[in-house]
Every structure is written in structure tokens, then in C-alpha cells.
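# Reading the structure
One letter stands for each residue in the lines below.
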Amino acid sequence: MKPMSRLDDIPSTPGKFKMDKSPYFHRTRWQSSVAKLAFWSLVFLGLIFIFFYRSPSSNPASSDPSRRSLRTYSWGGPAWEKRVRSSARVRTRHGVSVLVTGASGFVGTHVSAALKRRGDGVLGLDNFNDYYDPSLKRARQALLERSGVFVVEGDINDAALLKKLFEVVPFTHVMHLAAQAGVRYAMENPSSYVHSNIAGFVNLLEVCKSANPQPAIVWASSSSVYGLNTRVPFSEKDRTDQPASLYAATKKAGEEIAHTYNHIYGLSLTGLRFFTVYGPWGRPDMAYFFFTRDILKGKAISIFEGANHGTVARDFTYIDDIVKGCLGALDTAEKSTGTGGKKRGAAQLRVFNLGNTSPVPVSDLVTILERLLKVKAKRNITKLPRNGDVQFTHANISSAQRELGYKPTTDLQTGLKKFARWYLGYYKGGKKASS
Ligand SMILES: O=C(O)[C@H]1O[C@H](OP(=O)(O)OP(=O)(O)OC[C@H]2O[C@@H](n3ccc(=O)[nH]c3=O)[C@H](O)[C@@H]2O)[C@H](O)[C@@H](O)[C@@H]1O
């Protein structure tokens, strides 16, 4: 059989009139095939170009020096938008749709799950950075995924991503929990605090101010803003202009920035000053968490004391109480008053302490852990280092009680019992190392 020529490869349409295969005819068919091929190649290349040019996730962070520290995340596309919409869909009549930043963080996970449980629409956002073991963040993400919360992977400094999220969903509220936390780490990596707690917060507010409708924003401040304040219990009316760490200073800056956006753009803003939050799925950088790990490993722990053997104590607050405070703040948040970036009237601006009103010395926390873990701790008593830690915190919560219906009900003993049970289960009886 004669081998088929390339041109013979092109199938003829059955039943149609076949012209004579004159040499001229051969040339025209060949030319038209090449033209077709070239045309479709151009269309294909054009589509690839449009896709990469328009895709916001392809904006290389490195092309803009101010955004160099951003990792690029992949987001966008119809399937992604569908997941975003579905996760943020409100399932009850009076429900709200909330964008939760830092959703795979400790407080973020608990708040997102609680909102979803009561039928609100919830969309998470998290950059999954490696400040502490990212696998714990991934495990929290999987937990949320199972309850129907999609956590978008991205950074609050990414304006294009935030704008896109508001384009896809007209969020009524933002629960802003993404932050660089931890008091002592601020001496090691100061710029990470500026990046997340200041630049990231401003970026988020910029997008919120232009969103239509503008959402109401509830966000995490910190008890550390009281700094060197000595009046106890700490009241929202007390001085907060003497921060003892850069972390505290960036949280205080956040409170001032909130004031500005409320004043100029009519954004409704509520700051919550959390007091040493602890519980299951907690943060491995916090003392109660790494004390547990080290006690189980038989490793010595440092327990700080103040000058003249002064007691170091914290108003440790259990996660479930904090979640109730967050929901109370969302439920009582009034609407923002601006549109199209312009203020139309005065908007709500609030700040609340969310503590337990019952400070406990750190040495007592260790005694409780010893009882729960049935292991004696190797205690090293050391002087409170001059790295930003303050000696004592104690919240006056009357304002949150009155306005948010906030009423903490879990004492440290009960809360740590729940934490220890979770820890031993999650880390397989403490055998699997936590970092
Ligand atoms: O409430 C807050 O505002 C802050 O609470 C915690 O900060 P902190 O209270 O310092 O919590 P831990 O780092 O867990 O320390 C708890 C206590 O243990 C003490 N500590 C810490 C570490 C250590 O090795 N030994 C020790 O005795 C600290 O001085 C402190 O009194 C969080 O880490 C902050 O993100 C949060 O904003």
C-alpha cells in the first residue's frame, strides 16, 4: 500500500463532492491547512497570554520591591470562586457573611467553626507562615474543611486577592485575626510585626473602606497594649502609651489606625484586647503549650519571676470564652457608614478587654500541668528577661460584660484539663514531638 502523504492525512468529509486532485488543488489545500494551523496556534498562544496577564496570582511579588516579602499564592478561576461563594453562603435567616483572616490560627479556627455551626457564611484566609509548625495550621484547616469552611491561602498584604474576595462575596463582617503574635519573638524578627500587624492591617482597611457595602470589622488587639501600666485591673480607660515590646507597640498602632479609618471613612471597628488565650489547638509558642511538651520530655522549664522574687502572673483566658466574646462583638457591631470610600456619618468605634478577671501565677499553672500530666516538672526559676514581657495582667471586663454579654466561665484548672486531653491525643500521648 502506498504510504499516505501528510495531506492525505486530513480526512475528507464523507459524502461531499470531491474535486480533482490537480497539482494546483494540492497547493491550495496545503496552504489553507497551514493557515488554519497558524490561526489556531495564534488563538492558543493568545489565550495563554491573556490567562497569565489577567491572573492576579501571577503578579510576581519580586517585580515590586515593597511587596518582595510576599509569597505568591495560586488563587482565582471559576472553581475557586465557586468554593469561595459556597463557603461564605449564609444558611440562616439572620445570618451574616464573615471573612475570617488568620482562619487557620488558634483563635481563627475556633471562631470560624463557631460561626459556621450557627449558620453564618464563613470564608477563611491564612498565609500558613512558619512562625510555628505549619502542620498544626494544616490540621486546623482540615478540621475547618470538614465543617464546610474554605480557607483561602493568601496574605493580607495582597490587595488584589482581598479585592477579588470582596468582588465575589459582599461580606457583611470581617473578623481580622491574622497577625504576627508573640511578645518575645519581636526582638528576633521585628519586621514581621510591621509587615503583618501594621502594613497588613492598613491594606485590609484600604480594601474594606472601598468595598460596597463596607463591612463592619472586629479585630484582635492585645492585653500587651497596657505595657507598663500599673493600675489593676486593667481598664479600657487606662493609659496604653507605654508598650513594653514591639509586638505591643504594633497592636497599639493598630488601635490608632482603626481610629483613623473610622474617622475618615466611616468604618465600624471593634478591637478586642485578648488576655493570654489558651486551649485545645493552641499556639506552640505560648508558655502553657511548650511547658507541656517539655515536662513530658523531662526537659527543664524556665519560670520567670519579677524583681525581689515578685510573682509573674497572667489573666489566662480559655478559648471558648474568647469565642463567645468574638461572636458577641460581631453581633453587636453596627454597620459601617461609608460608601465608595466616603464617610456618610459617624460610625461605631469600640475597644474591649476580653480576659478572665482572675490572674494566676505562672508557677501555679505549672503545678496544674504537673497534676494533669502526672509528671513532675524540672523547674528553673529565672529572672523575668527584659524582652518585652510584663509582670502581671488582669482584665477589668465590665465593659465587655455590659456591651457584648461577655461572661467567662472556665477557670484555669478546667481549661488546662481540656487542653491536656487534646494535646495528649493530638501528639499521641506526647510521644510525637511538637515544635
Ligand atoms: O494576652 C496577650 O496580650 C498576649 O498573650 C500571650 O503573651 P503572654 O501573656 O506573654 O503569654 P506566654 O508567652 O504564654 O507567657 C505566659 C507567661 O509565662 C511566662 N513565661 C514565658 C516563657 C517562659 O519560658 N517562662 C515563663 O515563665 C511569661 O512571662 C508570661 O507571664 C500571647 O503570646 C500574645 O500573642 C498575646 O497578645
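Identification of the protein chain as UDP-glucuronate 4-epimerase from Microthlaspi erraticum is taken from an unreviewed UniProt entry. According to its UniProt record, the protein chain has this under Subunit (unreviewed entry): "Homodimer."

This part covers the UniProt feature "domain: NAD-dependent epimerase/dehydratase" (unreviewed entry) in the protein chain. Under the UniProt annotation, the feature "domain: NAD-dependent epimerase/dehydratase" (unreviewed entry) is placed at residues 98-335. Segment residues 98-335 splits into 42% helix and 18% strand. End C-alpha atoms: 13 Å apart.

Now for the environment of threonine 339. Locating threonine 339 in the fold gives a position in the loop between α9 (319-332) and β11 (349-354). Using a relative accessible area of 30% as the deciding quantity, one classes threonine 339 as partly exposed. Spatially, the C-alpha atoms of threonine 339 and lysine 209 are 7.8 Å apart, while their sequence positions differ by 130 residues. Each residue touching threonine 339, except ones within four places of it in the same chain, is listed here: Asn212, Gln214 and Arg344.

Now for the pattern of salt bridges. Note on pairing: side chains with opposite charge can pair once their charged atoms come close. Following the criterion strictly, the structure yields 21 salt bridges and no others. Lysine 252 is the partner of glutamate 256 in a salt bridge, and the nearest nitrogen-oxygen pair spans 2.9 Å. Here the residue glutamate 256 and the residue lysine 252 both occupy positions in helix α7 (residues 246-265), the gap between them amounting to 4 residues, near one helical turn. Classification of glutamate 256 by relative accessible area gives partly exposed; the value is 41%. Classification of lysine 252 by relative accessible area gives buried; the value is 16%. The partner of arginine 402 in a salt bridge is glutamate 403, with the nearest N and O atoms 3.7 Å apart. Classification of arginine 402 by relative accessible area gives exposed; the value is 60%.

The subject of this paragraph is the site of the ligand. Taken together, 24 residues sit near the ligand, with Arg184, Ser222, Tyr247, Thr276 and Ser302 positioned nearest. Serine 222 is positioned such that a nitrogen or oxygen atom in its side chain is 2.6 Å from an oxygen atom of the ligand. Serine 224 is positioned with one of its backbone polar atoms (N or O) 3.3 Å from an oxygen atom of the ligand. For the ligand, whose unbound accessible area comes to 700 Å², protein coverage reaches 94%.

Strand pairing in a sheet relies on backbone hydrogen bonds, with the paired strands running either antiparallel or parallel. Spatially, 7 strands are ordered β3-β2-β1-β4-β5-β6-β11 in an open sheet, and the strand pairing comes out parallel. In the strand order of this sheet, the two ends are held by β3 (150-153) and β11, each with one partner. Neighbour to neighbour, the strand axes of the sheet diverge by 20° on average, direction disregarded. Strand direction decides the pairing type here: strand β4 (residues 173-176) and strand β5 (residues 216-222), joined by 4 bridges, are parallel. Looking at β5, one finds that methionine 175 is bridged to valine 218. Together, β1 (97-101), β2 (121-126), β3 and β4 form the strand contacts of helix α5 (residues 159-168), whose direction differs from that of β2 by roughly 170°.

What counts and how
Residues numbered from 1 in each chain as written. Predicted model: local features only at pLDDT ≥ 70, side-chain atom pairs only at ≥ 80, totals over all residues. Heavy atoms only, no water. UniProt positions renumbered as here; feature names shortened; annotations may be inferred. Helix = DSSP H or I, 4+ residues; strand = E, 2+ residues; numbered from the N terminus. Buried < 20%, exposed > 50% of the residue type's maximum accessible area, 1.4 Å probe, protein only. Contact = heavy atoms within 4.5 Å. Salt bridge = Lys/Arg side-chain N within 4 Å of Asp/Glu carboxyl O. Near = heavy atom within 4 Å. Polar contact = N/O pair within 3.5 Å; in protein donor to acceptor, adjacent residues only side chain to side chain. Areas by Shrake-Rupley, 256 points an atom, 1.4 Å probe, with all protein chains shown as cover. Pairing = 2+ DSSP bridges. Axes fitted to C-alpha atoms, helices over the stretch in contact; angles between N-to-C directions.

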